[in-house]
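Structural characterization, general
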2 protein chains.
Amino acid sequence: MQGQIPFGVADYFWEEALQRQELIADLLATFRAWGYGDVMPPAFEYAASLSAQASAGLQAEMYRFLDRDGSTLALRPEFTTPVARLVGTRLHDWPMPQRFCYGGSVFRYVDPQAGRQREFWQAGVELFGAPSPDADAEVLALTAEAMAVTGLADYRIVLGQMRYFGGLLAALDLTPPQTEALHWAIERKSEPALADFLRETPLRTGQRQAVEALPGLSGDPSTGSGHRDIQRVIDQAERHCLNTEMHRALVNLREIVDALAGYGVLGYVVLDLTEIRSLGYYTGISFEALAPQSGFSIGSGGRYDDLVAHFGPAQPAVGVALGVDRLLLARQRQAGATVTPQPVRPHALVITNRNPAAIAQVQGWRTEGYRLQVEVNGRGLSDVLAHAVQIGVGQVLAWEEGRFVAYRANADGLFAPSQGEISFDE
Amino acid sequence: MQGQIPFGVADYFWEEALQRQELIADLLATFRAWGYGDVMPPAFEYAASLSAQASAGLQAEMYRFLDRDGSTLALRPEFTTPVARLVGTRLHDWPMPQRFCYGGSVFRYVDPQAGRQREFWQAGVELFGAPSPDADAEVLALTAEAMAVTGLADYRIVLGQMRYFGGLLAALDLTPPQTEALHWAIERKSEPALADFLRETPLRTGQRQAVEALPGLSGDPSTGSGHRDIQRVIDQAERHCLNTEMHRALVNLREIVDALAGYGVLGYVVLDLTEIRSLGYYTGISFEALAPQSGFSIGSGGRYDDLVAHFGPAQPAVGVALGVDRLLLARQRQAGATVTPQPVRPHALVITNRNPAAIAQVQGWRTEGYRLQVEVNGRGLSDVLAHAVQIGVGQVLAWEEGRFVAYRANADGLFAPSQGEISFDE
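As the structure is a computational prediction, the values presented were derived from the model and not from experiment.

**Thoughts on the overall build of chain A**
A count of helices and strands for chain A gives 14 helices and 17 strands. With respect to the principal axes defined by its C-alpha atoms, chain A has extents near 95 × 55 × 50 Å. The buried share of chain A, taken over its 426 residues, is 57%. Long-range contacts, defined as pairs at least 24 residues apart, comprise 67% of the intrachain contacts of chain A with a sequence gap of at least 6. Accessible surface, chain A as shown: approximately 17,200 Å² in total, 49% of it carbon and sulfur. Taking the 35 positively charged and 49 negatively charged side chains of chain A as two groups, their mean positions are separated by 2 Å.

**Digging into the pairing of strand β8 (residues 156-161) of chain A**
Residues and elements named next belong to chain A. The element β8 is largely enclosed, with a buried count of 6 among its 6 residues. Of the two faces of β8, the one holding Arg156, Val158 and Gly160 and the one holding Ile157, Leu159 and Gln161 are both buried throughout. With 6 bridges joining them, β8 and strand β10 (residues 285-290) adopt antiparallel strand pairing. Pairing of Ile157 across the sheet is with Ala289, part of β10. Summarising the sheet, β8 and strand β9 (residues 269-271) pair through 3 bridges and their orientation is parallel. Bridging across to β9, Leu159 finds its partner in Leu271.

**Details of the packing of aromatic side chains**
For the structure shown, the criterion picks out 39 aromatic pairs over all chains. Between B:Trp34 and B:Tyr263 the ring centres are 5.8 Å apart and the planes differ by 15 degrees, which places this aromatic pair in the stacked class. A residue pair is termed long-range when its members are at least 10 positions apart, and B:Trp34 in the loop between α1 (14-33) and β2 (37-40) and B:Tyr263 in the loop between α11 (244-261) and β9 (269-271) qualify at 229 residues. The same class applies to B:Trp34 as to B:Tyr263, namely buried. Following the ring pairs from residue to residue traces out a cluster consisting of A:Phe44, A:Tyr63, A:Phe65, A:Phe107, A:Tyr109, B:Phe44, B:Tyr63, B:Phe65, B:Phe107 and B:Tyr109. Its end group placed over the ring of A:Tyr36, A:Arg99 keeps NZ or CZ at 5.7 Å from the ring centre.

**Comments concerning the relation of the copies chain A and chain B**
Take chain A, turn it by 180 degrees, move it 0.0 Å along the axis, and it overlays chain B with an RMSD of 0.0 Å. Here the two chains are linked by the operation of a two-fold rotation axis. Residue A:Phe65, judged by its C-alpha, is the member of chain A lying nearest the rotation axis, at 2.9 Å. An overlap of 99% is found between the interface residues of chain A and their copies at the interface of chain B, pointing to a shared contact surface.

**As for the environment of A:Asn377**
Counting through the fold element by element, A:Asn377 comes out in the loop between β14 (372-374) and α14 (381-391). Those residues in contact with A:Asn377 that sit more than four places away from it in its chain are B:Pro97, B:Gly129, B:Ala130, B:Pro131 and B:Ser132. A polar side-chain atom of A:Asn377 sits 3.1 Å from the main-chain carbonyl oxygen of B:Gly129.

**Examining the interface of chain A and chain B**
Taken together, the 96 residues of chain A in the interface contact 95 residues of chain B. Buried area between chain A and chain B, both sides added, is near 8,500 Å², and the carbon and sulfur share of it is 58%. Per-residue buried area on chain A facing chain B is highest for A:Met40, A:Arg354 and A:Val376; these three make up 10% of the total on that side. For the pair chain A and chain B, the interface holds 8 salt bridges.

**Some thoughts on the environment of A:Gly295**
Residues and elements named next belong to chain A. By the secondary structure assignment, Gly295 is in the loop between β10 and β11 (297-303). A residue is classified by how much of its surface remains accessible, and Gly295, at 47% relative accessible area, is partly exposed. Sequence separation between Gly295 and Ser132 is 163 residues, and the spatial gap between their C-alpha atoms is 31 Å.

**Some points on the sheet that holds β14(A)**
All names here are of chain A. Taken together, 5 strands build an open sheet; the order of strands is β14-β13-β15-β16-β17 and the sheet is mixed. If you trace the sheet from one side to the other, it starts and ends with β14 and β17 (415-418), each paired once. Taking the axes of each pair of neighbouring strands and ignoring which way they run, one obtains an average angle of 30 degrees across the sheet. The sheet contacts of helix α13 (residues 356-367) involve β13 (348-351), β14, β15 (395-400) and β16 (403-409), and relative to β14 the element is tilted by about 155 degrees.

**A closer look at the environment of B:Thr80**
Residues and elements named next belong to chain B. You can see Thr80 is positioned in helix α4 (residues 80-90). Here Thr80 falls in the buried class, since its relative accessible area comes to 11%. Residues Thr80 and Leu127 lie 47 residues apart in sequence; the distance between their C-alpha atoms is 10 Å. With residues near it in sequence (within four places) discarded, Thr80 still touches Tyr102, Glu126, Tyr281, Tyr304 and Leu307.

**Regarding α4(B)**
The buried fraction of α4(B) is high, at 9 of 11 residues. Those residues of α4(B) lying buried are B:Thr80, B:Thr81, B:Pro82, B:Val83, B:Ala84, B:Arg85, B:Leu86, B:Val87 and B:Gly88. Where α4(B) is buried, its residues meet β1 (12-13) of chain A together with β2, β3 (44-46), α2 (47-50), β6 (98-107) and β7 (119-128) of chain B.

**Brief notes about the sheet that holds strand β2 (residues 37-40) of chain A**
What links the strands of a sheet is backbone hydrogen bonding, and the strands pair in either a parallel or an antiparallel sense. With mixed pairing, 9 strands are arranged side by side in an open sheet as β9(A)-β8(A)-β10(A)-β11(A)-β12(A)-β7(A)-β6(A)-β2(A)-β1(B). Both edges of this open sheet fall to β9 of chain A together with β1 (12-13) of chain B, since each of them pairs with a single strand only. Together, β8, β9 and β10 of chain A form the strand contacts of helix α11 (residues 244-261) of chain A, whose direction differs from that of β8(A) by roughly 150 degrees.

**Details of the confidence of the model for chain A**
Should pLDDT be low for a region, the predicted coordinates there are not to be read in detail. Averaged over every residue, the pLDDT of chain A is 93; residues scoring 70 or more account for 97%. Here the prediction assigns the complex a pTM of 0.94, and the interface score ipTM is 0.94.

**A look at the domain arrangement of chain A**
Taken domain by domain, chain A holds domain 1 (15-335) and domain 2 (348-417). Distance from the C-alpha centre of domain 1 of chain A to the C-alpha centre of domain 2 of chain A: 51 Å.

**Considering the pattern of salt bridges**
Inspection of every chain in the model, using the stated rule, returns 42 salt bridges over all chains. A salt bridge links B:Asp258 to A:Arg354, with the nearest nitrogen and oxygen atoms 2.9 Å apart. Of the two residues, B:Asp258 sits in helix α11 while A:Arg354 sits in the loop between β13 and α13, which places them in two different chains. According to the relative accessible area criterion, B:Asp258 is partly exposed, its value standing at 45%. Sharing partners across several salt bridges, the network here consists of A:Asp134, A:Glu255, A:Asp258 and B:Arg354.

What counts and what doesn't
- Residues numbered from 1 in each chain as written.
- Chains lettered and ligands numbered in written order.
- Predicted model: local features only at pLDDT ≥ 70, side-chain atom pairs only at ≥ 80, totals over all residues.
- Heavy atoms only, no water.
- Helix = DSSP H or I, 4+ residues; strand = E, 2+ residues; numbered from the N terminus.
- Buried < 20%, exposed > 50% of the residue type's maximum accessible area, 1.4 Å probe, protein only.
- Contact = heavy atoms within 4.5 Å.
- Areas by Shrake-Rupley, 256 points an atom, 1.4 Å probe, with all protein chains shown as cover.
- Lys, Arg positive; Asp, Glu negative; His and termini not counted.
- Charge placed at Lys NZ, Arg CZ, Asp CG, Glu CD.
- Pairing = 2+ DSSP bridges.
- Phe/Tyr/Trp six-rings, centres within 6.5 Å; stacked < 30°, edge-to-face > 60°.
- Lys NZ or Arg CZ within 6 Å of the ring centre and 35° of its normal.
- Least-squares fit on C-alpha atoms with pLDDT ≥ 70 in both.
- Polar contact = N/O pair within 3.5 Å; in protein donor to acceptor, adjacent residues only side chain to side chain.
- Buried area = accessible area lost by both parts, 1.4 Å probe.
- Salt bridge = Lys/Arg side-chain N within 4 Å of Asp/Glu carboxyl O.
- Axes fitted to C-alpha atoms, helices over the stretch in contact; angles between N-to-C directions.
- pLDDT = per-residue confidence, 0-100.
- Domains from an automatic or database assignment.

Structure below.
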């Protein structure tokens, strides 16, 4: 008997599928209200395009296959590169800034874990042609708004700035192995590795102090966050600037924080100058949205001013991609809900007896948004009532002598004809 | 410079992407109101599963690729088989009937034509566990409702019943080549081919008359359609029944027409007993939705009682798949609209000067559904007004001395401060 599906992909159905579709729709509606326009790139395209700035890790995770003309295609592993390609190749002559939003599935060959599948859903935005801190702030504020739309009571946005560490590296004038050692130590937040680096690397006093200060340049996601904590980190970082690049990174952050203050979301932001995981791809801020209890990432983004130039005239760009599956999981955990999978219940089962007036009334209720299932197997009232009990529906409407009679379940689950106007429980 | 995309796939953006997303959302909302629950099968799965009852043509069009464990995967070429697999393998113990709806893209290696891409979007429903004519009628009525939701002023549903022709074949007792010749002639509606068949095949009088009558057993999509025309075709077909199978097909059609009458959509239905293209897959009714002016198919469906048994306990089933791209194209042609691609315009551009009160007001308007783009490049009023002219936006809101001043374009396209309450054009 056939019927297995491959490891790492899933069928979503019932409440789980509805929630997924509704969340994507809600996020897109929010993005549109902020002036972002829908974009739907293809599910597959040339692997070379998708690889433009993809990390070695992402490249290894791409699903590649041959087109019949022999070219190598790949399923999109994310949306940013296809949208950057579109802007670079076809839309570069249109006025900037340009705002795009998307929602759909992406594909990566990963080891499946909780909330991590090989096909998973992303929703996000890309803002092109705006190099300013206000653009960074808008994307950060919109990320916060997306959390609110999702219904997440608590979350953190951990904000980094690649150019501070990039400037430090330039100021230290290290050999490639030394650079790698420092990068590794900071990226893993490993104190022993940092101690090794400091012991083995000859540095001047100011250089040494700047490196030693690095691990302290992050807020505390659990307690301290918000405007004051951010200022503290920036002030501390300022004391160790070795060149204008490091200084500029902090000026940029101050500007972003200033622009962001008006949105009232700084309480969720934690500054972390040791966040350097995507150095090379991101050219300014980078950030990650986290669900505090579960600790997993529910989205990430940043400024990527070098990507569009792979496809056309260069354009500054900043964006965010949210993991729809992760958002749903985080919301579910925060609500403490234990979900028992079951079909989405209709508001009522209906026996129309094929009567046009009955059908017309059903159609009217459907237009008002009520979910009504019409009996199609010719069962009589008692069988339909039994079916209602079985699937947990509390109302059956039966067309009798030219009008609907509503049978509603009482507290004991027994159905009885109900008096008065027909109404539906929400 | 990179940036091409493969032949047969497309980037959708601006108004075109928005309309596509909105139509899918509207169709899903309609399906849900009829008691159908969302289902989201994976974009790829084992090719063997997807091939369960796929025609040779569809099998040849499937995008196959190897998983890293060596198994053969394929991108879904349609939704019906994955949903049937889900019901057969995991949901067979749940009460029937079960109703599912979906909206998403499917993949077929076809020669691209107008409105025919290698990735295209489908929305549809599947109704399992209901063998009755009322189930067929519900899916037909829901197809009509989907046309109304799309905004199509005119369309036709061409309805066939596989079992009439199937019964005829059984009654004729033909050799395989003869069967093939008759099938070919009827499928292509070729009178010369039918004449050849009749000349070359020894038949008794009743058999001959039944075959000769076949081409006449269809309504006229352009003029005659509706209840009376359908009855005429059924009455005519009745005179040539050679066995109970043919008779039962007509009884079933009469029942479906009776059940469908209450929905008030029979005026769009054309009966065609020569519609046999998917014989072998469909086991009862089959139908195609057409846009009259353009003549192209915008959806198809039918009863497929044999598919679920490939994956689990047998279940009767009926469903429809609508081509979202075709629906959009048909609507556009019926509206006679010539679409000039351009970005979806925001209701206004806004200068907030990072003021919290200004931002709060913008957020409120966004919640009401207005699309507002905030100036993020630090441009002043005159530059933002120039940008508004450039992208065709008729209103700019600037925060001045603690309140928003609205600058609205007059008939000459010149912006002037507007008096009174701020409002937005729909």
